[in-house]
Amino acid sequence: MSEPLLLPFRPVQPPALDGLAAPLAGRLLCAMRYGPLGASSRLRLGQYMPLLAQAGLSVSQSSFLDDAYLRALYSGRARGGAALAGYRRALSLPQAIRRHDLLWIEKELLPWMPFWLERGVLGQTPYILDFDDAWALRYAASPSALVRAVLRNKFGQLLRGAALCIVANETLYRWAASEGARHILLLPTVVDIARYAPRTPPSGPFTIGWIGTPLTAAYLDLVAAPLRQLAREAPMRLLVIGAPDFTLPGVEVESLPWSAESEAELIGRCHAGIMPLPDSEWTNGKSGYKLIQYMAMARPAVGSAIGANTRIVRPDETGFLASTSADWLQSLRTLRDDPARASAMGMAARRRVEQHYSLAVTAPLLVETISELLGNRFARRAETPSAAPAR
């Protein structure tokens, strides 16, 4: 049996919102792609729900795909049953949407379904469309000619119908603008800084951290040669969080499962964090969240010199950007051989996150934006002649 579509959201000790002019009023439905295991759903929508509820909104949530789908995906098992359960849950979406004043959609409501069908489910309820990756490429660059023919324009059509598009970085901002979005809010994927308590770097061998999923662990192959060279030079450990079966011959690897409760503590066991990426259309649309996590724990970050990484990391101040194997090797050697410099970079990294990539910075902007959207909707509703009392 499918789980209920709508879950009342109960905020648990949300951070305070200072300076809120007046309580928000209205009903918001957050339509997430995944359950709590999905980082994009958890961070782009989920971590704002307590604040929106605190601000006065009645907040509900739905997840198209539950955690069973992601567990099957990460382990390579069949996931058709979990996907079908999502479509069964979606049968009640039209009624649920009509009961709300505003809809916040992560990526799309109905994966692999054409725009006209999704447009019918949306009805007249205004919606926000949220992207943290270059998701349009999933259809527009599909190897299937049928998928390209039917779905390549879906995200652009959804975008043009949205009351607001929220994007995670400048690459996605430019894409949304080129597709004709009416209003765009650039809201980076951020951390709740209160969950990241910096600690002194550990003793023992130089430890390089990486956090992600079993799917994205393949990017570590890009830095295999520099890591092996470092391992030959001196004791070194690679701590992999979220891909528990990962190994790299020639390097001591500690691979651990991910959990929301342990991720910050595990990053604190590292001396530096890395985010290698190939230079592609897809990766240029990524949000750079790994780097922000490392920096929040006062650890210098080294990332590939592409996309959002180039905005997040300040070279020689909060970490390094790398384009070649030689860059990676030199950057990590510097952090290994000069602990004082690495520590200073880590503290500067923490300050940068506090100032630019913290929930405390982005939440007030989001609350103000949603307040304006709801205010405009209620104003238009009040001006509608059919809303006047009958005489």
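A. Just the overall build of the protein chain, in detail. The helix and strand tally for the protein chain stands at 18 helices and 13 strands. The C-alpha radius of gyration computed for the protein chain amounts to 22 Å, which stays within 12% of the reference 21 Å derived for 391 residues, consistent with globular compactness. By principal-axis analysis of the C-alpha atoms, the protein chain measures approximately 85 × 50 × 40 Å. Considering only contacts in the protein chain between residues 6 or more positions apart, those separated by 24 or more positions represent 70%. Of the side chains in the protein chain, 42 bear a positive and 33 a negative charge, and the two mean positions are spaced by 6 Å.

B. Looking closely at helix 16 (residues 325-337). Here helix 16 contains 13 residues, and its C-alpha end-to-end distance of 18 Å stays within 8% of the 18 Å for a straight helix at 1.5 Å per residue. All buried positions along helix 16 are accounted for by Trp 328, Leu 329, Ser 331, Leu 332, Thr 334, Leu 335 and Arg 336.

C. Quick look at the sheet that holds strand 12 (residues 301-304). Here we have six strands laid out as an open sheet, ordered 10-9-8-11-12-13, and parallel in their pairing. Each of the sheet's edge strands pairs with one partner strand only, and the pair in question is strand 10 (252-256) and strand 13 (319-322). Going across the sheet, the axis of each strand differs from the next one's by a mean of 20°, ignoring polarity. Contacts between helix 11 (residues 224-233) and the sheet are confined to strand 8 (206-211) and strand 9 (236-241), with strand 9 contributing the most and set at about 140° to the helix. Against the sheet, helix 16 touches strand 8, strand 11 (272-275), strand 12 and strand 13, its axis set at about 175° to strand 12.

D. Representation of the state of the cysteines in the model. Scanning the model with the defined rule gives zero disulfides in all. This cysteine, Cys 30, is not joined by any disulfide, and Cys 165 carries the nearest cysteine sulfur, 16 Å off.

E. Main features of the environment of Arg 71. Note that Arg 71 resides in helix 3 (residues 67-75). Sequence-wise, Arg 71 and Gly 38 are 33 residues apart; in three dimensions their C-alpha atoms are separated by 10.0 Å. If near-sequence neighbours (up to four positions away) are discounted, Arg 71 is found in contact with Leu 37 and Arg 77.

F. Molecular detail of the environment of Leu 102. Here Leu 102 shows up in strand 4 (residues 102-106). Residue Leu 102 is classed as buried on the basis of its relative accessible area of 2%. As for Leu 102 and Leu 373, which are separated by 271 residues in sequence, their C-alpha atoms are 8.3 Å apart. Ignoring any residue separated from it by four or fewer positions in sequence, one finds Leu 102 in contact with Arg 27, Leu 28, Leu 29, Thr 125, Pro 126, Tyr 127, Ile 128, Ile 370, Leu 373 and Leu 374.

G. Up close: the nonpolar core. By size, the foremost hydrophobic cluster in this structure holds 84 residues, and its most contacted members are Tyr 48, Leu 52, Trp 104, Ile 208, Leu 227, Leu 238 and Ile 274. Every residue in contact with Tyr 48, bar those within four places of it in the chain, is listed here: Leu 43, Trp 104, Leu 187, Pro 188, Val 190, Leu 359, Thr 362, Ala 363 and Leu 366.

H. Representation of the confidence of the model for the protein chain in the model. Averaged over all residues, the pLDDT of the protein chain is 89; the fraction at 70 or higher stands at 90%. Contacts for the low-pLDDT stretch residues 1-14, under 50 throughout, to residues beyond four places or in other chains number 29 contacts.

I. Seen up close, the pattern of salt bridges. Within this structure, the stated rule accounts for 21 salt bridges. As a salt-bridge pair, Glu 108 and Lys 154 come within 2.7 Å of each other at their nearest N and O atoms. Placement of the pair is Glu 108 in the loop between strand 4 and helix 6 (115-122) and Lys 154 in helix 9 (residues 154-161), with a sequence separation of 46 residues. Members of the salt-bridge network, linked through shared partners, are Arg 33, Glu 108, Glu 118 and Lys 154.

Rules used in this analysis
Residues numbered from 1 in each chain as written. Predicted model: local features only at pLDDT ≥ 70, side-chain atom pairs only at ≥ 80, totals over all residues. Heavy atoms only, no water. Helix = DSSP H or I, 4+ residues; strand = E, 2+ residues; numbered from the N terminus. Rg over C-alpha atoms; globule rule 2.2 N^0.38 Å. Contact = heavy atoms within 4.5 Å. Lys, Arg positive; Asp, Glu negative; His and termini not counted. Charge placed at Lys NZ, Arg CZ, Asp CG, Glu CD. Expected span 1.5 Å × (residues − 1). Buried < 20%, exposed > 50% of the residue type's maximum accessible area, 1.4 Å probe, protein only. Pairing = 2+ DSSP bridges. Axes fitted to C-alpha atoms, helices over the stretch in contact; angles between N-to-C directions. Disulfide = S-S within 2.5 Å. Core = buried A, V, L, I, M, F, W, Y, C linked by side-chain atoms within 4.5 Å. pLDDT = per-residue confidence, 0-100. Salt bridge = Lys/Arg side-chain N within 4 Å of Asp/Glu carboxyl O.

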